[in-house]
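Secondary and tertiary structure notes
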Amino acid sequence: MSKSKGLSRKHQDWLWGYFFVFPTFFGLCALNIYPIFKTLYMSFGTSGMFGKIVIDPNNVFGNYTRLFQDMEVWYAIRNTLVFTFISVPLGIVLAVVLASLMSQQIKGVGVYRVLYFMPVVAAPAAITMVWKLMYNEQYGVINTLIRAVGGPSISWLNDTRFCLLSCAIVAIWSGLGQQIIIMIGAITGVSKSYYEAADIDGASGARKLWSITVPLVSPSIFFILITGMIGALKQFDIVYMLYGKTNGVASVMNAVRTIMHKYYEQAFTVLDKAYASALVMVAFVIIMIFTIIQFVAQKKWVYYDN
Amino acid sequence: MKKILAVLLAGMMVTSLVACGGETTTESTTEETTTEETTTEETTTEEGGETTATEGGGVLPADHTATLTYVSWNDTQNVQNQATIDKFNEYYPNIQIEISYSAWNEYWNKLEAAASSGTLNDLVTQHTNNIEMYVNNGFVEDLTNLADYGFDFSYDNHPEGVKRLFRFDDKMWGVPKDIDCIVMVYNKDMFDAAGLDYPTDEWTWDDLTDACEVLTDKDNNKYGFAFRNDQQGGYASFLYQNGGGLLTEDGTKALVDSDESIEAMEWWMDGYAKYSPTQAMLTESTMDALIQNDTLAMCTDGNWALNTYYENEELADKFDIAALPHPADGEHATISNGLALCVTTGLPEEKLEAAKQFAAYFGSKEGQEVAAMGPSIPCYDGVVDLWAEQNKDLFRTEAVTSQLNNGYGVQWVGTELKTQWNQALETHIGYIYDGNDVATELKAAAEEMNAILAQEGK
């Protein structure tokens, strides 16, 4: 009894700390950690209906062998990587350039910031619905404008050369605002004295951007690179909203379907949850590899103050 | 002080998280269990067979109280369902039935998640694609003895075609709700402009292609017929018309690789190349939009979807329907399907009785007649003519009645693993629409389908 009454201040603080952290920790375990292991378990079995999983000890890697022989899975991996390599670098370059432009004290900069941030708060379903109408080959706004200046109608959604680009455009447009806000925060934190020194040396705007701004905000760039890349590798909702479960033409679907879209199809349309679990484990490994590469590479180009 | 405030705030956030997580159905079932415990005594005495039949013939007492949830995927059909519920409430004012609606795209995902977690709605609209899976896993109540619930209910009054879909092990697992078929929708203005006679219910495939020749003008963005990539609403009927089909009669093997099926699909794809808007166009714009713009002259659609056309002011006078054309040396056939109302297992006694009572009313003559305002057709024998009467100003109902009453409907079949073999088939059809050879793709599809079908019943 006397012991608890005389808990030291330090122990009391710890107790409160654990108490506050507990709900999040509990949620993390129940909703993130446990499903990861459950999915791993499921990926080794075959699915029955309604979530029943049966593991056959003779055929533990059956789903994985089937996966590696399934051409649609390879197409999905390829599409996801192409999508990532299109949308992430472009998005980051645009974010850095636009953020540095919007960090200046020009008139109306607040309006620009709001305009660029608005896509972030719009619902993804609404965004893709509007873009789908705009991309319509016959009646869409984009093709109407192109025809008005004499160009050919482009089938944005159904031409295998353009479909991933169309998705990437929507992804960049909707994610740019968030990256810009983070970059603006980082750029305004750069000490003015560096720029003054550069002005004395006669540096141009672009030179200042490349040699002063970028290195000094590189931790933030690293952050948006990692989050942008992971988000792009997990891309599902834009493809699902623009194409639905399938649009009936195999070549187009094979050119645009991402890993997560294939996962959704396997888990919820075909109801083969074990195969889907194996697929998502492969996706997990791919994302992890890319993230490790980035973390190792950061030593080369990210400057931390310490 | 600060710590107390922080704890309160954290507590509020956590409870708001937890509270939002539950569905309203789980909340209502927890309410119901408390009320049903107090009334179990009364219901068990009724179970003893004392029929206090109300006027009109239900067996439960008129003040039987329960709240049931009922889910379907078609907002328009819920108008018809609500009509049945309202009339039912004249007999049983205290049985509250709340209809909810999930869009078709998400309906089966949500249902499967609900079934796996034990939160299925009490009354569920079921479909032949999925019913066997739910029955075999014990989620559907056995409704064979529904005639015990009065309202002159009898399964004899429902068409065999629909009953067959929901009968397993000689037991009935759902009350047949409606019957449907596929019809051909045509654009009267485009036919007038081309100087052609409107399609009749006796058209052959050659009549169709002849009309398409005249109507199609791709340079001017005009197309004759939408040969779209859709199984139930598109090519499947035509496979059966030629003597082929999706599965064999007993549902154990694929039939898509038979010569007749291949021939029909080749005719279909030939039409697609010559007279049809591309599949890309059809996914970007709906068929009613294309008809409205005088881009498309004819398409196929299910009768349950006709409200898309007649509720559109621009389109209501412009369209009409006809029976599907048939090959000159083949038969009339149209894919016919029927939905059923099913009761979920595991309901407390009071709700189960109420659900079965409603199911009996739903399948009775009066319950079905009250829902005849369309667009779906209640399947009780003879009600289709009542439906035709109520809808005759909207479109040529003979297109539907001639197909259904003459037995041209071909039952659209589902099996336990349909989700899997359907995916295999649809993948190969997707390649056919890409330009691959029809025979090769259909044979490959049949091989995969047979491998999956062989696993059923194990």
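Residues numbered from 1 in each chain as written. Chains lettered and ligands numbered in written order. Predicted model: local features only at pLDDT ≥ 70, side-chain atom pairs only at ≥ 80, totals over all residues. Heavy atoms only, no water.

Some remarks on the domain arrangement of chain B
Quite often, the size of an interface is put as the accessible area lost when its parts meet. All names here are of chain B. Domain annotation of chain B identifies domain 1 (57–179 + 338–381) and domain 2 (182–336 + 401–453). Placing the centre of domain 1 and that of domain 2 at their C-alpha centroids yields a distance of 30 Å. Taken together, the 20 residues of domain 1 in the interface contact 16 residues of domain 2. Between domain 1 and domain 2, a total of about 1500 Å² is buried, with carbon and sulfur atoms accounting for 48% of that surface. When the buried area of domain 1 at its contact with domain 2 is split by residue, Asn129, Arg164 and Pro375 rank highest and sum to 33% of it. On inspection of domain 1 and its partner domain 2, the count reaches 1 salt bridge. With its nearest N and O atoms 3.8 Å apart, the salt bridge here joins Arg164 to Glu249. Taken together, domain 1 and domain 2 are joined by 5 residue pairs in polar contact (both at pLDDT 80 or more). Going through the elements one at a time, helix H3 (75–91), helix H5 (131–136) and helix H6 (160–165) are the ones with two or more residues in the side of domain 1 that touches domain 2. Here the side of domain 1 that touches domain 2 takes 4 residues from H6, the largest share from any one element. (Domains from an automatic or database assignment. Contact = heavy atoms within 4.5 Å. Buried area = accessible area lost by both parts, 1.4 Å probe. Salt bridge = Lys/Arg side-chain N within 4 Å of Asp/Glu carboxyl O. Polar contact = N/O pair within 3.5 Å; in protein donor to acceptor, adjacent residues only side chain to side chain. Helix = DSSP H or I, 4+ residues; strand = E, 2+ residues; numbered from the N terminus.)

Quick word on helix H16 (residues 383–391) of chain B
Residue and element names in this part refer to chain B. Within H16 the residues assigned to the buried category are Val383, Val384, Trp387, Ala388 and Asn391. For H16, the buried positions fall inside an angular range of 150 degrees around the axis, keeping them on one side. Buried-residue contacts for H16 involve helix H13 (307–310), helix H15 (365–369), strand E14 (377–378) and helix H17 (398–405). (Buried < 20%, exposed > 50% of the residue type's maximum accessible area, 1.4 Å probe, protein only. Arc of directions from axis to C-beta.)

Some thoughts on the pairing of strand E10 (residues 296–302) of chain B
For a regular strand, the rule is simple: side chains alternate between the two faces of the sheet. Residue and element names in this part refer to chain B. The buried count for E10 comes to 7 of 7 residues, which makes it a mostly enclosed element. Here strand E8 (residues 182–187) pairs with E10 via 5 bridges, running antiparallel. Looking at E10, one finds that Tyr186 is bridged to Met298. (Pairing = 2+ DSSP bridges.)

Re the sheet that holds strand E9 (residues 223–225) of chain B
Sheets are built from strands that pair by backbone hydrogen bonding, the pairs being arranged parallel or antiparallel. Residue and element names in this part refer to chain B. Taken in spatial order, the 4 strands line up as E9-E10-E8-E11 in an open sheet, and their pairing is mixed. Each edge of the open sheet is held by one strand with a lone partner, namely E9 and strand E11 (319–322). Neighbour-to-neighbour, the strand axes of the sheet open up by a mean angle of 30 degrees, direction not taken into account. Here helix H8 (residues 205–215) sits on the sheet and contacts E8, E9 and E10; the angle it forms with E10, its principal contact strand, is near 140 degrees. (Axes fitted to C-alpha atoms, helices over the stretch in contact; angles between N-to-C directions.)

Some thoughts on the packing of aromatic side chains
Here the structure, examined in full by the defined rule, presents 53 aromatic pairs over all chains. Ring centres of Tyr264(A) and Phe268(A) lie 5.4 Å apart, and the angle between their planes is 50 degrees; on these two criteria the pair is classed as tilted. One end of the pair is Tyr264(A) and the other is Phe268(A), both in helix H14 (residues 259–269) and 4 residues apart, which spans about a single turn. Measuring from centroid to centroid gives 6.4 Å for Tyr70(B) and Phe362(B), while their planes differ by 80 degrees, and the two rings are edge-to-face. (Phe/Tyr/Trp six-rings, centres within 6.5 Å; stacked < 30°, edge-to-face > 60°.)

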